[in-house]
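# Structure assessment
One letter stands for each residue in the lines below.
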Amino acid sequence: MLRAGFRTILDSQPDITVVGEASTGAEAVAQASALHPDVITMDVQMPDMDGIEATRLLVADPQIAAAIAIVTTFDHDDYLYEALDAGASGFLLKNAAAEDLIAAVRALAAGDGMLAPEVTRRVLARFATSRTTATATPSPTKTVPEPRAQQPTAGARRSPLAEPLTDREAEVLALLADARSNGEIAAALFIGEATVKTHVSRILQKLGARDRVQAVVLAHRLGLAGP
């Protein structure tokens, strides 16, 4: 019944076509392999294989380029972080409005990624806390990036990336990690939105990220997201 509701909502849009459905994680993987959709809305708790594991398998398959939105009734942090770790590009609650579901599918299809507003702050707080803990108690086998305040520039001369970010790209990434839109980034840096889009595209390439959500996750893990 829920899938029927999703299909009705999404198929009512002229720019969206539902090409398949699945009732288990294993079916979702098989359907994605056969149908090559642009976007997948994935439940968390399903028979045979849960949505987190299905997402992990789909993201690891180079033949599948679909962006995945985790859609669940379970508003628990663990599901959210596991989904992002697995490679999901978005997260919505099942009680979200129909227009939010439609907007999420369009955003993911455009490569933007999205998080429900009510969970964005928790994501940033969780990564910030994890980074603080890692800095306070570094592992002897892992190099912990120095805080940005101690770095000589906003650029990534000490970045673990093979191709460092420029100073401007580092500034854009820090604002992305603060959940800013392209318009807000442009206003903060006094540049045009088209320029922001160019910087975001370059940042995604250098990080090896598929979308903005994954770029934010990687930015926090690599210590490139600012304080």
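Structure shown above.
This write-up is about the structure you can find in this document. The structure displayed is predicted, hence computed values, not measured ones.

If you walk through the whole model with that rule in mind, you get 10 salt bridges. Ionic pairing is found between lysine 94 and aspartate 43, a salt bridge with its closest N-O pair at 2.9 Å. Residue lysine 94 is located in the loop between β3 (90-93) and α5 (98-109), and its partner aspartate 43 is located in the loop between β1 (39-42) and α3 (51-60); the two are separated by 51 residues in the primary sequence. One salt-bridge network, in which partners are shared between bridges, spans Arg3, Arg7, Asp11 and Glu21.

This next bit is on unusual backbone geometry. For histidine 36, which is not glycine, the phi dihedral falls at a positive 50 degrees. Examined against the element boundaries, histidine 36 turns out to sit in the loop between α2 (25-35) and β1. Phi is positive for aspartate 48, which is not a glycine, with a value near 70 degrees. Locating aspartate 48 in the fold gives a position in the loop between β1 and α3.

The side chains of a regular strand alternate between both faces of the sheet. Summarising the sheet, β1 and strand β2 (residues 67-72) pair through 4 bridges and their orientation is parallel. From the neighbouring strand, valine 39 faces β2, where its bridge partner is alanine 67. This β-α-β element, β1 to α3 to β2, shows right-handed connectivity.

All right, on to the pairing of β3 then. Neither face of β3 is left uncovered, since the one carrying Gly90 and Leu92 and the one carrying Phe91 and Leu93 both have all their residues buried. One ladder, built from 4 bridges, connects β2 with β3; its direction is parallel. Its bridge partner being in β3, valine 71 is matched across the sheet by leucine 92.

Right, let's talk about helix α10 (residues 212-221) for a bit. The element α10 is extensively covered by neighbouring structure, given that 8 of its 10 residues are classed as buried. Those residues of α10 that sit buried are Arg212, Val213, Gln214, Ala215, Val216, Val217, Ala219 and His220. Capping of α10 at its N-terminal end is provided by aspartate 211; its side-chain oxygen lies 3.1 Å from the backbone amide nitrogen of valine 213. A positive backbone phi angle near 75 degrees is found at glycine 223, which sits one or two residues after α10.

Let us now look at the environment of leucine 224. Within the fold, leucine 224 resides in the segment after α10. What makes leucine 224 buried here is its relative accessible area of 8%. Each C-alpha atom of the pair leucine 224 and leucine 173 lies 7.6 Å from the other, and the pair is 51 residues apart in sequence.

An α-helix turns once every 3.6 residues. As a result, residues three or four positions apart point the same way. In this model helix α9 (residues 193-207) runs 21 Å from its N-terminal to its C-terminal C-alpha over 15 residues, within 8% of the 21 Å that 1.5 Å per residue would give. Those residues of α9 that sit buried are Val196, His199, Val200, Ile203, Leu204, Lys206 and Leu207. One side of α9 holds all its buried residues, which, seen down the axis, span an arc of 165 degrees. In α9, those exposed residues whose orientation departs by more than 90 degrees from the buried face are Ala194, Lys197 and Gln205. Directly after α9, the chain includes glycine 208, whose backbone phi takes a positive value near 70 degrees.

Right, let's talk about the packing of helix α1 (residues 2-11) against α5 for a bit. Where α1 meets α5, the axes come as close as 10 Å, and the angle between the chain directions of the two elements is 70 degrees. Relative to α5, the element α1 is oriented roughly perpendicular. In this structure, the crossing between α1 and α5 has a hand that is right-handed. Here α1 contributes Phe6, Ile9 and Leu10 to the contact with α5, which in turn contributes Ala98, Leu101, Ile102 and Val105. Of the residues belonging to the contact of α1 with α5, the class tally is 7 nonpolar, no polar and no charged.

Quick notes on the rules
- Residues numbered from 1 in each chain as written.
- Predicted model: local features only at pLDDT ≥ 70, side-chain atom pairs only at ≥ 80, totals over all residues.
- Heavy atoms only, no water.
- Salt bridge = Lys/Arg side-chain N within 4 Å of Asp/Glu carboxyl O.
- Helix = DSSP H or I, 4+ residues; strand = E, 2+ residues; numbered from the N terminus.
- Pairing = 2+ DSSP bridges.
- Right-handed = clockwise from strand over helix to strand, strands pointing away.
- Buried < 20%, exposed > 50% of the residue type's maximum accessible area, 1.4 Å probe, protein only.
- Polar contact = N/O pair within 3.5 Å; in protein donor to acceptor, adjacent residues only side chain to side chain.
- Expected span 1.5 Å × (residues − 1).
- Arc of directions from axis to C-beta.
- Axes fitted to C-alpha atoms, helices over the stretch in contact; angles between N-to-C directions.
- Parallel < 35°, antiparallel > 145°, perpendicular 65-115°, else oblique.
- Left-handed = near helix turned anticlockwise from the far one by under 90°.
- Contact = heavy atoms within 4.5 Å.
- Nonpolar A, V, L, I, M, F, W, Y, C, P; charged D, E, K, R; others polar.

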